[in-house]
Amino acid sequence: MQMNLAQDLNNDKFDLIAGDVVVFIQGNMPDHLMTVSTVKHLGVFLDEGQKFAMSHLIRTASLSELKANHRLDLPVALFVSEES
């Protein structure tokens, strides 16, 4: 499955589509990257339907997080150089 690039992290009204790579917003949740497999009205199925998350609990992963392969604390996720 092809992964989509991260969308704007500051946009609270983003539309998720299958293939988007996301992370949980809260630090007490798992920090690994997950891939949207199916979008429903209030949430999404992740990782080929193995997990479900409400849309307001996740956000798209930043380029830095894609490189690190896990969620980074904000604002680090926004300011890590793309070249590092």
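In this report, the structure presented in the accompanying data block is examined. (Residues numbered from 1 in each chain as written. Predicted model: local features only at pLDDT ≥ 70, side-chain atom pairs only at ≥ 80, totals over all residues. Heavy atoms only, no water.)

1. Some words on unusual backbone geometry
Part 1 of the argument: Look at aspartate 47: it is not a glycine, yet its phi comes out positive at around 50°.
Part 2 of the argument: Within the secondary structure, aspartate 47 sits in the loop between strand S3 (43-46) and strand S4 (51-54).
Part 3 of the argument: You will see that asparagine 69, though not glycine, has its phi angle at about 65°, which is positive.
Part 4 of the argument: By the secondary structure assignment, asparagine 69 is in the loop between helix H1 (63-68) and helix H2 (76-79). (Helix = DSSP H or I, 4+ residues; strand = E, 2+ residues; numbered from the N terminus.)

2. Focus: the sheet that holds S3
Part 1 of the argument: A sheet is described by the order of its strands in space; here five strands give the open sequence S4-S3-S2-S1-S5, paired in antiparallel fashion. Every interior strand has two partners, whereas the edge strands, S4 and strand S5 (58-60), have only one. When the angles between neighbouring strand axes are averaged without regard to direction, this sheet yields 50°.
Part 2 of the argument: For strand S1 (residues 21-24) and S5, the ladder comprises three bridges, and the chain directions are antiparallel. Each residue of the ladder has a partner; that of phenylalanine 24, found in S5, is isoleucine 58. (Pairing = 2+ DSSP bridges. Axes fitted to C-alpha atoms, helices over the stretch in contact; angles between N-to-C directions.)

3. Some words on the environment of aspartate 15
Part 1 of the argument: The residue aspartate 15 is located in the segment before S1 in this model.
Part 2 of the argument: The sequence separation of aspartate 15 and valine 39 amounts to 24 residues, and the corresponding C-alpha distance is 9.3 Å.

Shape descriptors only; they carry no functional weight alone.
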